[in-house]
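# Reading the structure
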Amino acid sequence: MAVGEAGAALEAVTRLEQEFRRRADRGAALPGIWDAFLGLLHRRGYRVSTEAERRDALEEIRQTGAGFDLYDLAEGLARYDTTARECRNAVAYPLFPPLLIFARPCGCGGHERKLT
Ligand SMILES: [Zn+2]
């Protein structure tokens, strides 16, 4: 599959996340990215005007699973969120709460002790 808009966005957010891991940066927020994500969903035919529509759209994307570009992008954003909160302790609250359904534990291996 060609790298489309979602693929390019995933590459960008993955780069940011890796950069963020390397140096403790104060600027965890990604201004505008949530609106851009919703705009992309809208252009791809999802209804995202209300909270309920957004929840349904994200659940549909989640059920489609890994390999679907919008799933992979949502997971990439959730990974950035996890890195910001759990790994760097840069923010106290989720940056993208609706994307917590895509979140996985931080894979860095640096803070397993927290889980016990
Ligand atoms: Zn970590």
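Look above for the structure.
Residues numbered from 1 in each chain as written. Predicted model: local features only at pLDDT ≥ 70, side-chain atom pairs only at ≥ 80, totals over all residues. Heavy atoms only, no water.

## Points about the side chain of Glu 53
Relative to the helices and strands, Glu 53 resides in helix α3 (residues 51–64). Each residue touching Glu 53, except ones within four places of it in the same chain, is listed here: Arg 47 and Val 48. (Helix = DSSP H or I, 4+ residues; strand = E, 2+ residues; numbered from the N terminus. Contact = heavy atoms within 4.5 Å.)

## Concerning helix α1 (residues 5–22)
Taking 1.5 Å of rise per residue, the 18 residues of α1 would be expected to cover 26 Å, and the 26 Å separating its terminal C-alpha atoms lies within 8% of that figure. Here α1 has its buried residues at Ala 6, Gly 7, Leu 10, Val 13, Glu 17 and Phe 20. Relative to the axis of α1, the buried residues are bounded by an arc of 140° and lie together on one face. In this structure, α1 carries Arg 15 and Arg 22 as exposed residues pointing more than 90 degrees from its buried face. Close packing links the buried residues of α1 with α2 (33–43) and α4 (69–87). (Expected span 1.5 Å × (residues − 1). Buried < 20%, exposed > 50% of the residue type's maximum accessible area, 1.4 Å probe, protein only. Arc of directions from axis to C-beta.)

## Examining the packing of aromatic side chains
Summed over all chains, the structure comprises three aromatic pairs. On the numbers, 6.3 Å between centres and 25° between planes, the contact of Trp 34 with Phe 96 is stacked. Residue Trp 34 is located in helix α2, and its partner Phe 96 is located in the segment after α4; the two are separated by 62 residues in the primary sequence. In textbook terms, an aromatic cluster arises when at least three aromatic residues are bridged by ring pairs, as seen for Trp 34, Phe 37 and Phe 96. (Phe/Tyr/Trp six-rings, centres within 6.5 Å; stacked < 30°, edge-to-face > 60°.)

All quantities given are derived from atomic positions and should not be read as evidence of function.
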